[in-house]
Amino acid sequence: MSIVKINVLTVPAEQREVLEQRFASRAGAVESSDGFEWFELLRPVEGTDDYLVYTRWRSEEDFQAWMEGPMKAAHQGGGEGAPKQRPAASGSTVWSFDVVQQAAPKKG
């Protein structure tokens, strides 16, 4: 079965809009990666400043290939001479899970 990676981003209230705009502007960047299955950006409702970036992958190898390729390039900035953006998050932790059970809505 698949694997899940959840990046927990601590985002101060004044940076929330910046973070969401950055994710919106990258729409489509991960979707064509080999082994990619799903993405969701989860905004906290109350009690925390932590956003959850949920991705599901066919395998750990597919995730690592994305981390070392497209993701790494995207986070190194816009190339030589481009202004470096300040991170919107003040902290980041990655949680890893194996999918052991799953369900989808019944059709019909």
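Residues numbered from 1 in each chain as written. Predicted model: local features only at pLDDT ≥ 70, side-chain atom pairs only at ≥ 80, totals over all residues. Heavy atoms only, no water.

**Brief notes about the packing of aromatic side chains**
Aromatic rings in a pair are described by how distant their centres are and how their planes are angled relative to each other.
Next, step 1: The final tally for this structure, using the stated rule, is five aromatic pairs.
Next, step 2: Consider the rings of Phe36 and Trp57, whose centres lie 5.5 Å apart with planes at 75°: the pair is edge-to-face. Highlighted residues: Phe36 in strand β2 (residues 36-42) and Trp57 in strand β3 (residues 50-57), separated in sequence by 21 residues.
Next, step 3: With 6.1 Å between their ring centres and 40° between their planes, Phe63 and Trp66 make a pair best called tilted. Of the two residues, Phe63 and Trp66 both sit in helix α2 (residues 60-74), three residues apart, roughly one turn of that helix. (Phe/Tyr/Trp six-rings, centres within 6.5 Å; stacked < 30°, edge-to-face > 60°. Helix = DSSP H or I, 4+ residues; strand = E, 2+ residues; numbered from the N terminus.)

**A short note on the pattern of salt bridges**
Between side chains of opposite charge, a pair can form when the charged atoms approach closely.
Next, step 1: What the rule picks out here adds up to six salt bridges.
Next, step 2: In this structure, Asp49 engages Arg16 in a salt bridge whose closest nitrogen and oxygen atoms are separated by 3.9 Å. Within this pair, whereas Asp49 is found in the loop between β2 and β3, its partner Arg16 is found in helix α1 (residues 16-25), the two being separated by 33 residues in sequence.
Next, step 3: Accessibility expressed as a relative area gives 37% for Asp49, which makes it partly exposed.
Next, step 4: Where Asp62 meets Arg58, a salt bridge forms, and the shortest distance between an N and an O atom there is 2.7 Å.
Next, step 5: With relative accessibility at 10%, the residue Asp62 sits in the buried group. (Salt bridge = Lys/Arg side-chain N within 4 Å of Asp/Glu carboxyl O. Buried < 20%, exposed > 50% of the residue type's maximum accessible area, 1.4 Å probe, protein only.)

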